[in-house]
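# Remarks on the overall topology
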Amino acid sequence: MSAEERRESVIRAAITEFSRAGYNGTSTDAIAKRVGVSQPYLFRLFPNKQAIFLAASSRCLEDTRRVFSAAAEGLEGEEALGAMAAAYQRLIADDPEKLLMQMQTYVAVAAAEAADDHAFGEQVRADWMELWETVHLHLGADVNETTTFLAYGMLVNVLVSMGFPAEHRIWSGFYLSARPVQD
């Protein structure tokens, strides 16, 4: 395996590990073991744990951005909104680690900010702004539509993370494409 392929393996393993235990609860040893490499080799690919976490977080947001773009391609307005919402629902249903990694990212940045480490969140904020811009453009550069769509998305993240089942009444106020996928 090339170093780039190994790096990709580390990012995928990091998403799995960090999504389960968070930044502070995940050891680089656990990531190295999941990939099948030594810790020293891991640190040849990434300078430190923070760099691994930020690469995993970036990948997660990048994947979400790509899902939105692919879903909304050639669509406008409500059609684009519905397509992006449905695509996101499929993403978090098919790969729940993506949702959990997002939630862990927000917690890690908040903890860093509380500890006066403002640099930790810079990359996350930049990645999130790329996601925002993608949604914004697909929704016709309408700030209110973008804000509403992303606000619903964050509420979906919280409710799914807390385990509200798809048939729970809490989802009744959501537009259909924003409701969780029912089995």
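Above this text sits the structure in question.
What comes next concerns the included structure. (Residues numbered from 1 in each chain as written. Predicted model: local features only at pLDDT ≥ 70, side-chain atom pairs only at ≥ 80, totals over all residues. Heavy atoms only, no water.)

With that out of the way, let us pick up the pattern of salt bridges. Across all of its chains, the model carries ten salt bridges by this definition. With a closest N to O distance of 3.7 Å, Asp 63 and Arg 66 form a salt bridge. Of this pair, Asp 63 and Arg 66 both sit in helix α4 (residues 49–72), three residues apart, which is roughly one turn of that helix. Judged by relative accessible area, Asp 63 falls into the buried class, the value being 17%. We classify Arg 66 as partly exposed; its relative accessible area is 42%. Residues Asp 95 and Lys 98 are paired through a salt bridge, measuring 2.9 Å at the closest nitrogen-oxygen approach. On the basis of relative accessible area, Asp 95 is assigned to the partly exposed category, the value being 23%. Here the salt bridges do not stand alone but share partners, grouping Glu 62, Asp 63, Arg 66, Asp 95 and Lys 98 into one network. (Salt bridge = Lys/Arg side-chain N within 4 Å of Asp/Glu carboxyl O. Helix = DSSP H or I, 4+ residues; strand = E, 2+ residues; numbered from the N terminus. Buried < 20%, exposed > 50% of the residue type's maximum accessible area, 1.4 Å probe, protein only.)

Further remarks concern unusual backbone geometry. Here Asp 116, not a glycine, exhibits a phi torsion of approximately 65°, which is positive. Mapped onto the elements of the fold, Asp 116 is located in the loop between α6 (96–114) and α7 (122–138). According to the relative accessible area criterion, Asp 116 is exposed, its value standing at 62%. One non-glycine residue, Ala 141, lies in the positive phi region at around 55°. Along the chain, Ala 141 falls in the loop between α7 and α8 (143–161). Accessibility expressed as a relative area gives 44% for Ala 141, which makes it partly exposed.

For the rest of this paragraph, the subject is the nonpolar core. Core analysis: the largest hydrophobic core is formed by 26 residues, its most contacted members being Val 10, Phe 18, Ile 31, Ile 52 and Phe 53. Looking at this core, the elements with two or more residues in it are α1 (3–25), α2 (28–35), α3 (39–45), α4 and α6. Broken down by element, the residue count for this core peaks at seven residues, all from α1. Setting aside chain neighbours within four positions, we find Ile 52 in contact with Val 10, Ala 14, Phe 18, Thr 28, Ile 31, Leu 42 and Phe 46. The next biggest cluster of nonpolar side chains, apart from the first, holds 22 residues, and it includes Leu 61, Leu 91, Leu 131 and Val 135. (Core = buried A, V, L, I, M, F, W, Y, C linked by side-chain atoms within 4.5 Å. Contact = heavy atoms within 4.5 Å.)

Now for the packing of aromatic side chains. In the structure shown here, the tally under the stated rule is nine aromatic pairs. Ring centres 5.2 Å apart and planes at 70° place the aromatic pair Tyr 152 and Phe 174 in the edge-to-face group. One end of the pair, Tyr 152, is in helix α8; the other, Phe 174, is in the segment after α8, with 22 residues separating them in the sequence. Here the aromatic residues Phe 18, Tyr 23, Phe 53 and Phe 120 are joined through ring pairs into a cluster of three or more. One cation-aromatic arrangement involves Lys 49 over Tyr 23; the distance from NZ or CZ to the ring centre is 4.8 Å. (Phe/Tyr/Trp six-rings, centres within 6.5 Å; stacked < 30°, edge-to-face > 60°. Lys NZ or Arg CZ within 6 Å of the ring centre and 35° of its normal.)

Read these as spatial facts, not as claims about activity.
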